[in-house]
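As a plain string of letters, each chain reads:
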Amino acid sequence: MASPKAFHINTPFLESIDMSKRAGTNVYLKMESSQPSGSFKIRGIGHLCQKVAGPESKGVVCSSGGNAGMATAYVARKLNIPATIIVPSSSPELIREKLKDQGATVRVVGMVWDDANDEALRLTQTDGLTYVPPFDHPLLWQGHASIVREIKASLPSKPGAVVLSVGGGGLLCGVVEGMKEVGWGSVPIICMETEGADCFNAAVKAGKIVTLPDITSEAKCLGSKTVCSQAFEYIKEGNMNIISELVTDQQALQAVETFLDEERVLVELACGAALAAVYCGVIQRLQGEGRLPVPLAGPLVMIVCGGSSINQAQLEHLKKVLN
């Protein structure tokens, strides 16, 4: 039987001359901002929904500050099933309107994602809805692994390193799975977070999973207080070279603005955290510390995770808040 058609697209893989000059090595951009829902999330969520939400489904429910909700709403509309998205009050009005435009029912519960997630789980019990986790499920990681297969098809050799943002850890888990699958287990993965939304970095430093007391970063789409256990397991296993780094909200915002100027693409603050690895000199610092080789063994690949909770007004708001 033919496998169902995927909801995600094979996104552009572009060389960045400007970022290459800054990094001192060839830099390629995997443009997940071009996905129909605005971010990489549609890869995993599309894959999961096809597996668990059939036509007889009463509907799906997802807790999300933005991108996972957008992906769930998009996929549900394509599958012709109802979607309920629970967002925390920290989610911008922009996202709530976009979710409604996709046909989703939107409810605001709590201050942070963890509060919204409790409500989503309750609705699976009371209303019989199918739960769509935003980052913590093997089917999501299987879907996200398709990013790596596409990158491999576009590159003649292994990358020197892969850079990505970490929120709850779903993208990291998918990239690790994909890199194992294509034989790139030796390639360093640089995991970027903003201070105040740094649940992965906190776990790496503590040597165990920790729960942040609160999310104080403006990068709300990185706003899980606890990283998924599988992401931490990869660190404990020690089979992959996973490097965890932090930048400030101001550095992430600077990266968003520079990327808009140079590459003509607007991405959200959570994505700016990854871009800041080049724009704020993290790559060169890691090379200076001996944690990355000089030169890199291949091109630097940036996963531009995108983001649906950004527009000109939101960018101006962030500039006022952070400057």
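Position numbers for residues count from 1 along each chain, tracking the sequence in the order it is written. Owing to the predicted nature of the model, reporting of local features is limited to residues with pLDDT of at least 70; listing and counting of side-chain atom pairs is limited to 80 or more, with chain, interface and lining totals taken over all residues. Note that the side-chain values use all heavy atoms of the structure and ignore hydrogens as well as water.

Under an unreviewed UniProt entry, the protein chain has the name L-serine ammonia-lyase and belongs to Hucho hucho. For the record of the protein chain, the UniProt heading Cofactor (unreviewed entry) holds the text "pyridoxal 5'-phosphate". UniProt positions are given in the numbering used here, feature names are shortened, and annotations may be inferred rather than shown by experiment. According to UniProt, the comment filed for the protein chain under the heading Catalytic activity (unreviewed entry) is "L-serine = pyruvate + NH4(+)".

Enquirer: Just checking my understanding: could you explain the overall build of the protein chain for this structure?
Expert: Secondary structure elements follow DSSP: runs of H or I no shorter than four residues count as helices, runs of E no shorter than two count as strands, and numbering proceeds from the N terminus. If you tally the helices and strands in the protein chain, you get 14 helices and ten strands. With the radius of gyration taken over C-alpha atoms, the globule rule is written as 2.2 Å times the number of residues to the power 0.38. Relative to the globule expectation of 20 Å for 323 residues, the C-alpha radius of gyration of the protein chain, 18 Å, shows essentially globular dimensions. Reported as C-alpha extents along the three principal axes, the dimensions of the protein chain are approximately 55 × 50 × 40 Å. When a residue's accessible area, from a 1.4 Å probe over protein chains only, is under 20% of the maximum for its type it is buried; when over 50% it is exposed; and in between it is partly exposed. Counting every position in the protein chain, which comprises 323 residues, the buried fraction comes to 59%. The contacts in the protein chain between residues at least 6 apart in sequence include a share of 71% that link residues at least 24 apart. Should any heavy atoms of two residues lie within 4.5 Å, those residues are counted as being in contact.

Enquirer: For this particular structure, what's the right way to read the domain arrangement of the protein chain?
Expert: Many descriptions give the size of an interface as the accessible area lost when the pieces come together. Those domain boundaries reflect an automatic or database domain assignment. Along its sequence, the protein chain is carved into domain 1 (13-39 + 137-322) and domain 2 (54-131). Computed from C-alpha atoms alone, the centre-to-centre distance between domain 1 and domain 2 is 25 Å. Listed by partner, the interface residues are 17 residues for domain 1 and 14 residues for domain 2. Values labelled buried area give the accessible surface lost by two parts on being combined, using a 1.4 Å probe and summing over both. Summing both partners gives a buried area of about 1,200 Å² for domain 1 against domain 2, and 58% of it is carried by carbon and sulfur.

Enquirer: Teacher, can you tell me more about the pattern of salt bridges here?
Expert: Pairing between side chains becomes possible if they bear opposite charge and their charged atoms approach one another. Salt bridge, as used here: a side-chain nitrogen of Lys or Arg that lies within 4 Å of a carboxyl oxygen of Asp or Glu. All chains considered together, the criterion is met by 17 salt bridges. Note that E93 is salt-bridged to R96, the shortest N-O span being 3.5 Å. Here E93 and its partner R96 are both found in helix α4 (residues 93-101), three residues apart, which amounts to about one turn of the helix. Taken together, the salt bridges that share partners define one network made up of K30, E32, R43 and E150.

Enquirer: Explain the nonpolar core to me, please; I cannot follow it from the model alone.
Expert: One broad trend across soluble globular proteins is that nonpolar side chains are buried collectively. What makes a nonpolar core is a set of buried Ala, Val, Leu, Ile, Met, Phe, Trp, Tyr and Cys residues whose side-chain atoms join them at distances within 4.5 Å. Counting 107 residues, the largest nonpolar core has L275 and L300 as its most contacted members. Lining this core are residues from two domains, each supplying at least three of them: domain 1 (13-39 + 137-322) and domain 2 (54-131). Among residues more than four places away in sequence, those in contact with L275 are M19, A255, F259, V267, M302 and V304. Counting residues in each nonpolar core, the second largest holds six residues, with V61, I86, A120 and L129 among its members.

Enquirer: Is there a simple way to think about the pairing of strand β8 (residues 189-194) in this case?
Expert: In the case of a regular strand, side chains alternate between the two sheet surfaces. Counting buried residues in β8 gives six out of six residues, a clear majority hidden from the surface. Should DSSP find at least two bridges between two strands, the strands are taken to pair. Where strand β7 (residues 161-165) meets β8, four bridges bridge the pair, whose relative direction is parallel. The partner of L164 across the bridge, within β8, is C191. The crossover handedness rule: strands pointing away from the viewer, path from first strand over the helix to second strand clockwise, crossover right-handed. This β-α-β element, β7 to helix α8 (residues 170-182) to β8, shows right-handed connectivity. Bridging between β8 and strand β9 (residues 242-247) involves six bridges; their strand directions are parallel.

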